[in-house]
Amino acid sequence: MLLTRRKYLRIALFSDYFSDENLYGGGVGTVVVNLARELCRRGHAVYVFTTSPDHTKMIRCERNLQIFQYASIMRAWQTFISLSLLINPLKHDVDVVHIEGGLVASLSALLYSLIKRRPLIITVHHTGDVWKDPIKNLIVRLYEHSVFQVILRKARKIIVPSRFLLSQSKHLSKFEEKIVEIPNGINETAALALSKKEARKILGLPTDTKIILFVGALCRRKGVHVLISAAREVVRKFTKCRFSLVGRETGETPDLKELIRNKGLDEYIKLTGYVSEFRKKLYYRAADLFVLPSLSEGFGLVILEAAANGLPLIVSDLPVFKTCLLYTSPSPRDLSTSRMPSSA
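As the structure is a computational prediction, the values presented were derived from the model and not from experiment.

Caption draft 1: The overall build of the chain, seen in detail. Counting secondary structure elements, the chain contains 12 helices and 16 strands. For the chain, the residues scored as buried account for 54% of the 344 residues in total. Relative to all contacts within the chain whose residues are 6 or more apart in sequence, the contacts with residues 24 or more apart total 63%. Element-wise, carbon and sulfur atoms account for 55% of the exposed surface of the chain, whose accessible area totals about 16,000 Å².

Caption draft 2: Structural view of the packing of helix H3 (residues 103-116) against helix H5 (residues 147-154). Close contact between H3 and H5 brings their axes to 10 Å; oriented N to C, the two are set at 45°. Classified by the angle their axes make, H3 and H5 are oblique. Relative to H5, the crossing made by H3 is left-handed. Two secondary-structure elements touch here, H3 through Ser106, Leu107, Leu110, Ser113 and Leu114 and H5 through Val147, Val150, Ile151 and Lys154.

Caption draft 3: Broad picture of H3. An ideal rise of 1.5 Å per residue puts 20 Å on 14 residues; H3 measures up with 20 Å between its terminal C-alpha atoms. In the stretch just after H3, Arg117 is the one whose phi turns positive, near 55°.

Caption draft 4: Layout of the nonpolar core. The biggest cluster of nonpolar side chains holds 46 residues, and the ones touching the most others in it are Leu213, Phe243 and Phe290. Among the elements that make up this core, the one with the highest residue count is helix H8 (residues 224-237) (six residues). Among all residues touching Phe243, those that are not within four sequence positions of it are Ile212, Leu227, Ala231, Val234, Val235, Tyr268, Ile269 and Lys270. Counting residues in each nonpolar core, the second largest holds 32 residues, with Leu120, Phe148, Leu152 and Leu172 among its members.

So, how was this worked out
- Residues numbered from 1 in each chain as written.
- Predicted model: local features only at pLDDT ≥ 70, side-chain atom pairs only at ≥ 80, totals over all residues.
- Heavy atoms only, no water.
- Helix = DSSP H or I, 4+ residues; strand = E, 2+ residues; numbered from the N terminus.
- Buried < 20%, exposed > 50% of the residue type's maximum accessible area, 1.4 Å probe, protein only.
- Contact = heavy atoms within 4.5 Å.
- Areas by Shrake-Rupley, 256 points an atom, 1.4 Å probe, with all protein chains shown as cover.
- Axes fitted to C-alpha atoms, helices over the stretch in contact; angles between N-to-C directions.
- Parallel < 35°, antiparallel > 145°, perpendicular 65-115°, else oblique.
- Left-handed = near helix turned anticlockwise from the far one by under 90°.
- Expected span 1.5 Å × (residues − 1).
- Core = buried A, V, L, I, M, F, W, Y, C linked by side-chain atoms within 4.5 Å.

Scope: geometric values only; no functional claims are made or implied.
So, in structure tokens, the structure goes:
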């Protein structure tokens, strides 16, 4: 298929994750919505095929952007499963198929590309994750050795946000000639025009304490257990501080909650769970310091969002984080001895 004959393309984005004003779908979800709107701004017609967090199908149109959120029939871990996502996209005709993440969306995009004979592109945001749940680990490994391999072979291009992913994945290294590095970006309106005091008032946060913010899935890969252990040392030195951990719960979250209780930190650490995109921005405005002690990352979009809000950053010393202001090894001791901002 010769795409050069068309100045503007019809592009399909397939993803299990999606962020909007009402729901924060993680970093990948934010990337999807930002990419879709930027492609539209450049004149392309964009179709987003994703899932709805409930049993309701939703279709929204924003100029030349159409968002199809198909009703889910069940939820497996943090992924909403929709059979409609596998079939209904075939009713639409596009020029390019782009996978942005998720097992169901990836399979749907592969089927669309094979049946409609459309070129396929995939963005790999992370790979090789190890989960505590053995069943989830088994499913992920089966996917990586079956469907994922077919996708990588068929894909015209494989996009990675950082070449650091190549050192993490034994699968990507076999297709290096196809790989293109395109770092993730954020919307230039990521910061709200609100003061810290105003943001805290809306969120119901105290105005006389330091707020330390984490944004991401509540799991060990994100280093949440490291942060909780470090928090115990921090509150001994700075009694007027609170931790806001913003992000979706996972199968590991109950253990993290128990760790908080065991360390006597219920008063100091708040787990928000899923929040809307607007409330996520409020937390950035309300915070004094941003922390991300991840053990593994493909990029770390939240670091850019925190920096856009003027927050000091403390992150792990992962190669992908080397552009950050301050990075430290992912240990409770190093994290707890990093400097606290001197002014609110």
